[in-house]
Amino acid sequence: MTPISATPQDPGLPDDQAQELSSPACVLTFNVNDPSGASGIAADITTVASMGAHALPVLTGVLVRDTAEVLDSYDIDPDAVVEQARTILEDAPIAAWKVGFLGNAENVSAVAEILADYSDVPLVAYLGNVSFLDEERQVSYLDAFKELILPSATVLVGNHQTLTDLLLPDWESERPPSSRELAVAANGLGTQFVLVTGIQLPDQFIDNVLASPQGALAGERFERFDTSFVGAGETLSAALTAILATTEAVDQAVSEALSFLDQSLDAGFRPGMGGVIPDRFFWALPPEGQGEGDPDGAEGLGTDEPTSPPNPRHVH
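This report concerns the structure included in the present document.

So, how was this worked out
Residues numbered from 1 in each chain as written. Predicted model: local features only at pLDDT ≥ 70, side-chain atom pairs only at ≥ 80, totals over all residues. Heavy atoms only, no water. Helix = DSSP H or I, 4+ residues; strand = E, 2+ residues; numbered from the N terminus. Buried < 20%, exposed > 50% of the residue type's maximum accessible area, 1.4 Å probe, protein only. Contact = heavy atoms within 4.5 Å. Areas by Shrake-Rupley, 256 points an atom, 1.4 Å probe, with all protein chains shown as cover. Expected span 1.5 Å × (residues − 1). Pairing = 2+ DSSP bridges. Lys, Arg positive; Asp, Glu negative; His and termini not counted. Salt bridge = Lys/Arg side-chain N within 4 Å of Asp/Glu carboxyl O. Right-handed = clockwise from strand over helix to strand, strands pointing away. Phe/Tyr/Trp six-rings, centres within 6.5 Å; stacked < 30°, edge-to-face > 60°. Core = buried A, V, L, I, M, F, W, Y, C linked by side-chain atoms within 4.5 Å.

In this section: the overall build of the chain. Of the regular secondary structure elements, the chain holds 9 helices and 9 strands. Burial statistics for the chain: of 316 residues in total, 48% are counted as buried. Long-range contacts, defined as pairs at least 24 residues apart, comprise 65% of the intrachain contacts of the chain with a sequence gap of at least 6. Of the roughly 15,400 Å² that the chain leaves accessible, carbon and sulfur atoms contribute 49%.

Here helix H9 (residues 250-266) spans 24 Å end to end across 17 residues, near enough to the 24 Å set by a 1.5 Å rise per residue. Of the positions making up H9, those classed as buried are Val-250, Ala-253, Val-254, Glu-256, Ala-257, Leu-258, Ser-259, Phe-260, Leu-261, Ser-264 and Leu-265. Tucked into the core, H9 has its buried residues touching helix H2 (40-50), strand E6 (155-159), strand E7 (193-200), strand E8 (205-212), strand E9 (215-223) and helix H8 (232-244).

For strand E5 (residues 123-127), the buried fraction is high: 5 of the 5 residues fall into the buried class. Bridging between strand E4 (residues 96-99) and E5 involves 3 bridges; their strand directions are parallel. Bridge assignment links Trp-97 to a residue of E5, and that residue is Leu-123. As paired strands, E5 and E6 are joined by 4 bridges and run parallel to one another.

Let us now look at the side chain of Asp-207. Mapping Asp-207 onto the fold places it in strand E8. Buried charge Asp-207 goes without a salt bridge, the closest partner of opposite sign being Arg-221 at 4.2 Å. In this structure Asp-207 touches Val-196, Thr-197, Gly-198, Ile-199, Leu-201, Glu-220 and Arg-221, once residues within four positions along its chain are discounted.

For the rest of this paragraph, the subject is the environment of Ala-49. By secondary structure assignment, the location of Ala-49 is in helix H2. Taking the C-alpha atoms as reference points, Ala-49 and Pro-24, separated by 25 residues in sequence, lie 9.4 Å from one another.

A few words on the pairing of E6. Counting buried residues in E6 gives 4 out of 5 residues, a clear majority hidden from the surface. In the classification by handedness, the crossover that spans E5, the intervening helix H5 (residues 135-149) and the parallel E6 is right-handed. In this structure, E6 lies alongside E7, joined through 5 bridges in parallel fashion. The residue bridging Leu-156 from the neighbouring strand is Val-194, located in E7.

A few words on unusual backbone geometry. At Gln-204, a position not held by glycine, the phi torsion is positive, near 65°. By secondary structure assignment, the location of Gln-204 is in the loop between E7 and E8.

Counted according to the given criterion, the structure contains 7 aromatic pairs. Considering the side-chain rings of Phe-30 and Trp-97, the 6.1 Å spacing of their centres and the 50° angle between planes classify their relative orientation as tilted. With Phe-30 in strand E1 (residues 26-33) and Trp-97 in strand E4, the pair connects residues that are 67 residues apart, well separated along the chain. For the residue pair Phe-30 and Trp-97, the accessibility class agrees, reading buried in each case. The interplanar angle of 35° and the centroid separation of 6.1 Å between the aromatic rings of Tyr-141 and Phe-145 together place this pair among those described as tilted. Of this pair, Tyr-141 and Phe-145 both sit in helix H5, 4 residues apart, which is roughly one turn of that helix.

One finds Phe-30, Trp-97, Val-99, Phe-145, Ile-149, Leu-156 and Leu-167 to be the most contacted residues of the largest nonpolar core, which totals 49 residues. Of the residues forming this core, the biggest block, 6 residues, is contributed by helix H4 (residues 105-116). Residues within four places of Leu-156 in sequence aside, it is in contact with Ala-125, Leu-127, Phe-145, Leu-150, Leu-163, Leu-166, Leu-167, Thr-191, Phe-193, Val-194 and Leu-195. Grouped together as the second largest cluster of nonpolar side chains are 35 residues, Val-124, Phe-193, Ala-245 and Phe-282 included.

In structure tokens, the structure reads:
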């Protein structure tokens, strides 16, 4: 399988120049370091790489966490965030970018200024749970995210309750807001689409819906697991970003990103004593029956059917 490319290869060019032009699409991601590898910049890098794109990671802070919980966080100076991003942006063209956790309101403002200079690049904004911050810091961060990041976002990704708290904080109806109602609120702030995850259904399923102000456009239902996953939202948003680097069809991109997430969760593993982490390289696992005791297992990558990354346009 050929990796996704930012530029199609020109058969009339010398081999070395053609190879340079067919390099993977570059995806810039702003996120924190998570030493568990479940979320943050590690999740973005592994997911983007698994999708065949090249990650350009810009560090915005450091989490102190394990696979069970976030204990603390430390911010990086806004000037350092800007310098990281501006330096690589002057060197390499990007095809899409993702905003994850930026640490504080000052970093949100700094990143927003950078985003404004590249308004034609698709942006996936992921809003995870920031309840580990103290109340004052939570409020300032979410207000800044809402006012400064959402106007640039192509797709806002987040859990149903998280997006409700952000977009419709005064919601008083007994029924939860629909994905369309959340999309209308986000659109009023400048965001084109919302990808709402974790919508609770009465039949032991959880819905995930892409919506615009006109209504639902795509989605997929997952069966509810008793297992606690860590990093699912980061995986989904990073996969979506990588796919949007090569297509403008947001509904198709979301369907394929959800399929990728489903397979990553199905192959998930528990590295510590906390939650299960999605296996973003599920496609690299040896076929069933080929394990440590199988003499052919070690040769799996050298067979006539080599293991290869999923094509973002054809993830099943």
